[in-house]
Amino acid sequence: LDEVDKMSMDFRGDPSAALLEVLDPEQNHTFLDHYLDVEYDLSSVMFICTANVLHTIPQALRDRMEVLQLAGYTEQEKTEIAKRFLAPKAIEGSGLDAAKNIVFTDEAIQTIIQRYTREAGVRNLERELSSICRKVARKVVVEGKGFQESITAEKVTEYLGVPRFRPSMAEEKEEIGVATGLAWTEVGGEILVTEATLMPGRGHLTLTGKLGDVMQESAQAAMSWVRSKADELGIPKEFNKKTDVHIHVPEGAIPKDGPSAGITLATALVSALARVPVRKDVAMTGEITLRGKILPIGGVKEKVLAAHRAGIKTIIMPKDNEKDLADIPKNVLDSMNMYLVGQMDEVLKIALAGPMPAAITSEVATATDVDVESDDTITH
């Protein structure tokens, strides 16, 4: 049952009601087809459903399913798939000779992945490769069968036009009130820059950037934690009565939600209030509580790979997510410093580029020497 999350209910009926009976092995041995008025025994049938998102599937129907999460391809995997399968298929489909007419360089394929596609799979990547092959095939027809083209990163722009997407990159300089977070999306991980700025006012907290309810609550929790720790952080106690705080997450047209930006929001707030810049080479993810505890989050693999693509070398994540590091490619782990934290104080000690007005004295658990063995165990 393909795209089961796209079901819709209208005056003709509700297909999910029929699926409730079809997918329940306790009921489907006497399933009655009302159109033919015939009973079917479906108890020995294995139904496989596919979906892009879970929240649109009715809860009762989801309870009758076993959910298997399939991670999207990494950039390296997409590159290999393109070299081994997609490019040869596109070349053959366009009537070209791979040995004589066209060659795709690795840089060209990576440019297409980063600047012309944004997806978990490779459907659009195959489409763009085919588009280039068709344009080269036209040149072969015009100039003769001896025409040869080596597709480089510059040639990709010539054939596909202006890039559609801007690759996420780390901040160029350390700034006050600007922290780098990590987000999970349906098409993979993303860098999520969070900005906080202060203005004279009466203590209003403004949140912009098309944030969902959960993310707005994370910002309020971060603000409450900062206010409760004002003395320890060297922040004036009365700042909430004389200062308005505006938190903005750029790319305002894109909806953003989830609790994993909690420590990023808190770090941006502390940086703005204490006037201490945040390190540009640090990205972070984790949920924050009112007591400053860091809770685990999901999508670790996609988030770490996004940070790696953006050139970030240091990542802060919750201690409870240590088990998820086994899924990350070893060459990526070896090139990064992973800090596993349990308290917000530890985050600030790593993320801030300068000393706080009041010293933070917390032990920081590091995982810089994480090594994923052949049996997928993690050793320090």
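Residues numbered from 1 in each chain as written. Predicted model: local features only at pLDDT ≥ 70, side-chain atom pairs only at ≥ 80, totals over all residues. Heavy atoms only, no water.

**Student:** Whenever I open this one, the overall build of the chain confuses me. Can you help?
**Tutor:** Regarding its fold elements, the chain presents 13 helices and 18 strands. Overall, the C-alpha framework of the chain stretches about 70 × 65 × 45 Å when taken along its three principal axes. The buried share of the chain, taken over its 380 residues, is 42%. Restricting the contact set of the chain to residue pairs at least 6 apart, pairs at least 24 apart contribute 71%. Only carbon and sulfur atoms are counted for the fraction: they give 50% of the accessible area of the chain, which is about 20,800 Å². Placing the 43 positive and 59 negative side-chain charges of the chain at their respective mean positions leaves the two points 8 Å apart. (Helix = DSSP H or I, 4+ residues; strand = E, 2+ residues; numbered from the N terminus. Buried < 20%, exposed > 50% of the residue type's maximum accessible area, 1.4 Å probe, protein only. Contact = heavy atoms within 4.5 Å. Areas by Shrake-Rupley, 256 points an atom, 1.4 Å probe, with all protein chains shown as cover. Lys, Arg positive; Asp, Glu negative; His and termini not counted. Charge placed at Lys NZ, Arg CZ, Asp CG, Glu CD.)

**Student:** Quick question: what am I supposed to make of the pattern of salt bridges here?
**Tutor:** It is possible for side chains bearing opposite charge to pair when their charged atoms get close. Summed over the entire model, instances satisfying the criterion amount to 20 salt bridges. We note a salt bridge from Lys 139 to Glu 149, for which the minimum N-O separation is 3.9 Å. Placement of Lys 139 in helix 5 (residues 123-143) and of Glu 149 in strand 4 (residues 149-151) is noted, with a sequence separation of 10 residues between them. Owing to a relative accessible area of 8%, Glu 149 belongs among the buried residues under this scheme. Of the charged contacts, one joins Asp 334 and Lys 330 as a salt bridge, the two residues approaching to 3.1 Å between their closest N and O atoms. With a gap of 4 residues between them, Asp 334 and Lys 330 both fall in helix 12 (residues 330-334), about one helical turn apart. Since its relative accessible area comes to 40%, Lys 330 is described here as partly exposed. Because the salt bridges share partners, they merge into one network encompassing Glu 80, Lys 83, Arg 84 and Asp 106. (Salt bridge = Lys/Arg side-chain N within 4 Å of Asp/Glu carboxyl O.)

**Student:** I would appreciate a short explanation of unusual backbone geometry in the present structure.
**Tutor:** As a rule of thumb, non-glycine residues mostly have phi less than zero, and peptide bonds are mostly trans rather than cis. Even without being a glycine, Glu 3 presents a positive backbone phi close to 55 degrees. The partly exposed category is assigned to Glu 3, whose relative accessible area is 33%. Of note, Lys 210 is a non-glycine position whose phi angle comes to about 55 degrees, a positive value. As for its placement among the helices and strands, Lys 210 is situated in the loop between strand 8 (205-208) and helix 7 (213-228).

**Student:** Please explain the nonpolar core as it appears in this structure.
**Tutor:** One recurring pattern in soluble globular proteins is that nonpolar side chains are buried together. Counting 43 residues, the largest nonpolar core has Trp 225, Val 226, Ile 235, Ile 263, Ile 316, Met 344 and Val 347 as its most contacted members. Ranked by residues supplied to this core, first place goes to helix 10 (residues 262-274) with 9 residues. Residues contacting Val 226, with those up to four places away along its chain left out, are Leu 233, Ile 235, Phe 239, Ala 266, Leu 269, Val 270 and Leu 273. By size, the runner-up hydrophobic cluster in this structure holds 27 residues, among which are Ile 91, Ala 137, Ile 151 and Tyr 159. (Core = buried A, V, L, I, M, F, W, Y, C linked by side-chain atoms within 4.5 Å.)

**Student:** Can you walk me through the environment of Ile 48 in this structure?
**Tutor:** Note on placement: Ile 48 falls in the loop between strand 2 (38-40) and helix 2 (59-62). The exposure class assigned to Ile 48 is exposed, which follows from its relative accessible area of 58%. As a C-alpha pair, Ile 48 and Leu 23 span 25 residues in sequence and 9.7 Å in three-dimensional space.

**Student:** Help me understand the pairing of strand 7 (residues 188-200), please; the structure alone is not making it clear to me.
**Tutor:** Across 8 bridges, the pairing between strand 6 (residues 178-185) and strand 7 is antiparallel. Across the sheet, residue Trp 184 finds its bridge partner in strand 7, namely Gly 189. Hairpin connection, strand 6 to strand 7: the antiparallel pair is bridged by 2 residues. As judged from the 6 bridges shared by strand 7 and strand 9 (residues 243-248), these two strands associate in the antiparallel manner. Bridge pairing in strand 9 places Met 199 opposite Asp 244. (Pairing = 2+ DSSP bridges.)

**Student:** Just checking my understanding: could you explain the side chain of Ser 16 for this structure?
**Tutor:** Topologically, Ser 16 is positioned in helix 1 (residues 15-22). Looking at Ser 16, its side chain comes within polar contact range of the side chain of Asp 14, at 2.7 Å. Look past the residues within four positions of Ser 16 in its chain and what remains in contact with it is Met 7, Pro 58 and Leu 61. (Polar contact = N/O pair within 3.5 Å; in protein donor to acceptor, adjacent residues only side chain to side chain.)

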